[in-house]
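# Per-entry structural report
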Amino acid sequence: MKELLIYAQAYIRLNIQRVIPILVIGLLLEGIFWLLMKKGYTRYDDKPCKSLICGLLLSLEVGFIFVMTLYGRSPGGERKVSFLPFESYVKAFGQGNVEIQLQIIMNVLMFVLLGAMPPLCFKHFEKNKEVVLTAFMISILIETTQGVMHIGMFEVDDMLGNVLGAEIGFGAYYFATWLKKRSLSSSDSSKNTSAFSL
């Protein structure tokens, strides 16, 4: 665990210079989100401030994903491809490779907000299948770009981790929505009960 934390700290120090590109891409995407909001495609049409904050978080998340996976990578020699599912998981946890453990954790965490934010931002993303399909398509785009441009490895395990992260994010959104509906219904029933007692 200590070795994993050391790798994580080194990873953060190495990638701190990517903050500016993330902000630039995020703000550009927020401009697109603002246009979509004006056309009525977003969830909180009646609350523009809430809608813009949700959009900003989603835009920064998408910027973060693309900068961390594609930006600033120099092309390597040969094309690397791994279609074997769970190969990196065996290396990471079976053989104790801490660097690959960190990559797996990052692949999952990177997509958590991508699973939670689209349902908060857009009316269309209320169902799990839309969120999973979006995460899967973005992951395929990233992995294909990395493979074709020789700036990384096309790896099925990365896509599995990305989709798992989006599922965790959507699960958190769904659970929070369920809790909110439950608390609203219980407060409504307590109001009805007090009205009957009068």
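Let me begin by describing the structure that accompanies this report. (Residues numbered from 1 in each chain as written. Predicted model: local features only at pLDDT ≥ 70, side-chain atom pairs only at ≥ 80, totals over all residues. Heavy atoms only, no water.)

## What to know about unusual backbone geometry
This is how it is decided: Per the convention used, a helix needs a DSSP run of H or I reaching at least four residues, while a strand needs a run of E reaching at least two, with both numbered from the N terminus.
Backbone geometry at F86 places phi at a positive 70 degrees, although glycine is not the residue there. The topology assignment puts F86 in the loop between β1 (80-82) and α4 (87-94). The phi torsion at H150 lies on the positive side, around 60 degrees, for a residue other than glycine. Assignment of secondary structure puts H150 in the loop between α7 (128-148) and β2 (153-155).

## Thoughts on the packing of helix α1 (residues 2-15) against helix α5 (residues 98-109)
Working note: a packed helix pair is described by the angle between its axes plus the distance between those axes. For clarity, the cut-off: Note on method: axes are straight lines fitted to C-alpha atoms, helices fitted across the in-contact stretch only, with angles between N-to-C directions ranging 0 to 180 degrees. Should the near helix be turned counterclockwise from the far one by less than a right angle, the crossing is left-handed, whereas a clockwise turn marks it as right-handed. Residue contacts are defined here by distance: any two heavy atoms, one from each residue, within 4.5 Å place the two residues in contact.
Relative orientation of the contacting elements α1 and α5 amounts to 65 degrees, with a least axis distance of 9 Å. As α1 runs across α5, the sense of the crossing is right-handed. For the pair α1 and α5, the contacting residues are E3, L4, Y7, A8 and Y11 in the first and V98, E99, Q101, L102, I105 and M106 in the second.

## Focus: the pattern of salt bridges
As a reminder of what qualifies: Salt bridge, as used here: a side-chain nitrogen of Lys or Arg that lies within 4 Å of a carboxyl oxygen of Asp or Glu.
Applying the stated criterion across every chain yields a total of one salt bridge. Two residues, E126 and R43, come together in a salt bridge whose shortest N-O distance is 3.1 Å. Residue E126 is located in the loop between α6 (112-121) and α7, and its partner R43 is located in the loop between α2 (19-39) and α3 (48-70); the two are separated by 83 residues in the primary sequence.

## Points about the side chain of S139
Applicable threshold: Burial classes: relative accessible area under 20% of the type maximum marks a residue as buried, over 50% as exposed, and values in between as partly exposed (1.4 Å probe, protein chains only).
Mapped onto the elements, S139 comes out in helix α7. Residue classification places S139 among the buried positions, given a relative accessible area of 0%. Here S139 is in contact with F111, D158, M159 and N162, once residues within four sequence places are set aside.

## Observations concerning the nonpolar core
Here is the rule we go by: For this analysis, a nonpolar core means a set of buried residues of the types Ala, Val, Leu, Ile, Met, Phe, Trp, Tyr and Cys, connected via side-chain atoms within 4.5 Å.
By size, the foremost hydrophobic cluster in this structure holds 22 residues, and its most contacted members are L58, I65, F111, L114, C121 and F122. Of all the secondary structure elements, the ones that give two or more residues to this core are α3, α6, α7 and α8 (156-197). Broken down by element, this core gets its largest block of residues, five residues, from α3. Apart from residues no more than four positions distant in its own chain, L58 is found in contact with L114, M117, P118, C121 and F122.

## Section: the environment of L52
The topology assignment puts L52 in helix α3. Between the C-alpha atoms of L52 and F33, which are 19 residues apart in sequence, the distance is 7.8 Å.

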